[in-house]
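In case you want the letters, here they are:
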Amino acid sequence: MQSMLQQYSFASLERDEYGNDVGVSAKRLPVAYLLVDVPCGVAPGTSQPRFSPVATFPPANRPLQSHLQSLKGLHEHIQNSPSFLEAMSDLHVLLYLATNDALPLTIEQLEPLLQAVRTRDEDAAESWRNEGHVATLLQLAACDHNSPAANSSSDSGVWTCQLCTFHNAAPLDSCEMCAMPR
């Protein structure tokens, strides 16, 4: 026991109320050493934010039924936005454009749009919208939005519990997992 305590290099040994040898560290670590200043940049008050503060496109990391990223969701997001530039000024839209399954865009194809979002240039965003690969993707989104299968898929199948995110059968009025009402 004595040799084991010596290998941890305690400064002194004391006995506790039960007669056990207890090592006591000679140096206590001040809490101030654990505090770390993390500088962060703050944009000046006069500049506009690069991304829209009222983003409505679903985030990529929310696998709930009402938050799925899809071509239909992209089309609805563009239709509900006041302008095309405003619709594209959403980080989740930009990520979806680069990672969607139908027609992912490369960084070289997205570069003009990123520059338009960076400079808030409405004309550059509209000219990017008319490029061939973008027009194809937007046409696919419009077709997916107008298809009868897309409109009926939300009515049948499953619904997601808002509390526990369990996917329940459509006819149920309460969650099978947590018993909360629909």
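Residues numbered from 1 in each chain as written. Predicted model: local features only at pLDDT ≥ 70, side-chain atom pairs only at ≥ 80, totals over all residues. Heavy atoms only, no water.

An unreviewed UniProt entry lists the protein chain under the name RanBP2-type domain-containing protein, with Pieris macdunnoughi given as the organism.

Our next topic: the environment of Ala55. You can see Ala55 is positioned in the loop between strand E2 (21-24) and helix H2 (71-80). Residue classification places Ala55 among the partly exposed residues on the basis of a relative accessible area of 43%. Taking the C-alpha atoms as reference, Ala55 lies 8.2 Å from Ser89; in sequence the two are 34 residues apart. (Helix = DSSP H or I, 4+ residues; strand = E, 2+ residues; numbered from the N terminus. Buried < 20%, exposed > 50% of the residue type's maximum accessible area, 1.4 Å probe, protein only.)

With that out of the way, let us pick up the side chain of Ser89. Here Ser89 shows up in the loop between helix H3 (84-88) and helix H4 (91-99). There is a polar contact of 2.7 Å between the side chain of Ser89 and the backbone oxygen of Leu85. (Polar contact = N/O pair within 3.5 Å; in protein donor to acceptor, adjacent residues only side chain to side chain.)

One pass over the full model with this rule turns up two aromatic pairs. Between Phe57 and Tyr96, the aromatic rings sit 5.5 Å apart at their centres with planes inclined by 50°, giving tilted as the arrangement. Of this pair, Phe57 sits in the loop between E2 and H2 while Tyr96 is found in helix H4, placing the two residues 39 residues apart along the sequence. Residue Phe57 shares its accessibility class with Tyr96, and that shared class is buried. (Phe/Tyr/Trp six-rings, centres within 6.5 Å; stacked < 30°, edge-to-face > 60°.)

The next thing to look at is unusual backbone geometry. A positive phi is found at Arg120, a non-glycine position, where the angle reads about 60°. Using a relative accessible area of 28% as the deciding quantity, one classes Arg120 as partly exposed.

Let us now look at the pattern of salt bridges. Scanning all chains against the criterion turns up three salt bridges. Across the salt bridge formed by Glu86 and Arg120, the nearest N and O atoms sit 3.3 Å from each other. Here Glu86, found in helix H3, pairs with Arg120, found in the loop between helix H5 (107-119) and helix H6 (122-129); they are 34 residues apart in sequence, far enough to count as distant. Across the pair Arg129 and Glu126 runs a salt bridge, and its minimum N-O distance is 3.7 Å. Within this pair, Arg129 and its partner Glu126 are both found in helix H6, separated by three residues, close to a single helical turn. (Salt bridge = Lys/Arg side-chain N within 4 Å of Asp/Glu carboxyl O.)

This part takes up H2. Burial analysis of H2 places seven of its ten residues in the buried class, which makes it a mostly covered element. All of the buried residues along H2 are Leu71, Lys72, Gly73, Leu74, His75, His77 and Ile78.

Applying the stated criterion across every chain, the model contains zero disulfides. Of all cysteine sulfurs, the one in Cys178 lies closest to Cys161, which takes part in no disulfide; the gap is 3.6 Å. A relative accessible area of 3% places Cys161 in the buried class. (Disulfide = S-S within 2.5 Å.)

This part takes up the packing of H4 against H5. Interhelical geometry of H4 versus H5 gives an angle of 165° and a closest axis separation of 11 Å. Overall, the two elements H4 and H5 adopt an arrangement that is roughly antiparallel. Both H4 and H5 take part in a crossing whose hand is right-handed. Each of Leu94, Leu97 and Ala98 in H4 lies in contact with H5, whose residues at this interface are Leu110, Leu113 and Leu114. Considered class by class, the residues forming the contact of H4 with H5 number six nonpolar, no polar and no charged. (Axes fitted to C-alpha atoms, helices over the stretch in contact; angles between N-to-C directions. Parallel < 35°, antiparallel > 145°, perpendicular 65-115°, else oblique. Left-handed = near helix turned anticlockwise from the far one by under 90°. Contact = heavy atoms within 4.5 Å. Nonpolar A, V, L, I, M, F, W, Y, C, P; charged D, E, K, R; others polar.)

Within the largest apolar cluster, 23 residues are counted, with the highest numbers of intra-cluster contacts made by Leu74, Ile78, Phe84, Met88, Leu97, Leu113 and Trp128. Sorting the residues of this core by element identifies H2, H3, H4, H5, H6 and helix H7 (132-146) as the ones contributing at least two each. Not counting the four nearest positions on each side in its chain, Phe84 is found in contact with Ile78, Glu122, Ala125, Glu126, Trp128, Arg129 and Leu138. (Core = buried A, V, L, I, M, F, W, Y, C linked by side-chain atoms within 4.5 Å.)

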